[in-house]
Amino acid sequence: MKYSKGDIVSYMGQNYQCIQAHTSQQDWNPELTRSLWQLISSPTLPDGAKVWTPWISYKLDDIVFYNGVKYVCIQPHVAQPGWEPERLPSLWTTK
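Summarised in this report is the structure supplied together with it.

1. A few points about the sheet that holds strand 6 (residues 50–51)
- What the four strands build is an open sheet, ordered 6-8-9-11; its pairing is mixed. Two strands close off the open sheet at either side, each with one partner strand: strand 6 and strand 11 (92–94).
- Taken together, the three bridges between strand 9 (residues 69–73) and strand 11 define a ladder with antiparallel strand orientation. Across the sheet, valine 72 pairs through a bridge with threonine 93, a residue of strand 11.

Encoded structure:
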């Protein structure tokens, strides 16, 4: 299947946006091809905060919940595994 930059797909309960036009191959799912797809959603809690999730693009003032603590994004970024809010005060501050 051909995908254009900006296309959105759902895979395993998550939404992904195509960041590079391509023709998919059978083993190219969004979880395994981060150079082609960006995760664009994560679960939202009743108060509007989202559960922190790697591979999400966070913008200034986004609010996330991680390990029982709410954090506010202070620098836009795409979260990576190992970049949990409690470990990177350059990206997050507690709310």
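2. A few points about the sheet that holds strand 2 (residues 8–11)
- Here we have three strands laid out as an open sheet, ordered 2-3-5, and antiparallel in their pairing. A single partner strand is all that each edge strand has here, and the edge strands are strand 2 and strand 5 (37–39). For this sheet the average axis-to-axis angle between neighbouring strands, irrespective of direction, equals 35 degrees.
- Pairing between strand 2 and strand 3 (residues 14–18): four bridges, direction antiparallel. By the bridge assignment for strand 3, serine 10 is matched with asparagine 15.

3. Considering the pattern of salt bridges
- Summed over all chains, the structure comprises two salt bridges.
- When the shortest N-O distance is used, the salt bridge between lysine 59 and aspartate 62 registers 3.1 Å.
- According to the relative accessible area criterion, aspartate 62 is buried, its value standing at 16%.
- In this structure, glutamate 84 engages arginine 87 in a salt bridge whose closest nitrogen and oxygen atoms are separated by 3.4 Å.
- In this structure glutamate 84 comes out as buried when scored by relative accessible area, which is 14%.
- Residue classification places arginine 87 among the exposed positions, given a relative accessible area of 55%.

4. Side note on the nonpolar core
- Counting 17 residues, the largest nonpolar core has Trp37, Trp52, Tyr58, Val64 and Trp92 as the members making the most contacts within it.
- Put simply, the parts of the chain that give this core at least two residues each are strand 3, strand 5, strand 8 (63–66) and strand 9.

5. A few points about the environment of lysine 50
- Its place among the elements puts lysine 50 in strand 6.
- Relative accessible area serves as the criterion here: at 30%, lysine 50 is assigned to the partly exposed category.
- Separated by 16 residues in sequence, lysine 50 and tyrosine 66 have C-alpha atoms that sit 8.9 Å apart.

6. As for the side chain of histidine 22
- Locating histidine 22 in the fold gives a position in strand 4 (residues 22–23).
- Of note is the side chain of histidine 22, whose polar atom sits 2.8 Å from the backbone oxygen of glutamine 20.

Procedures and definitions
- Residues numbered from 1 in each chain as written.
- Predicted model: local features only at pLDDT ≥ 70, side-chain atom pairs only at ≥ 80, totals over all residues.
- Heavy atoms only, no water.
- Pairing = 2+ DSSP bridges.
- Helix = DSSP H or I, 4+ residues; strand = E, 2+ residues; numbered from the N terminus.
- Axes fitted to C-alpha atoms, helices over the stretch in contact; angles between N-to-C directions.
- Salt bridge = Lys/Arg side-chain N within 4 Å of Asp/Glu carboxyl O.
- Buried < 20%, exposed > 50% of the residue type's maximum accessible area, 1.4 Å probe, protein only.
- Core = buried A, V, L, I, M, F, W, Y, C linked by side-chain atoms within 4.5 Å.
- Polar contact = N/O pair within 3.5 Å; in protein donor to acceptor, adjacent residues only side chain to side chain.

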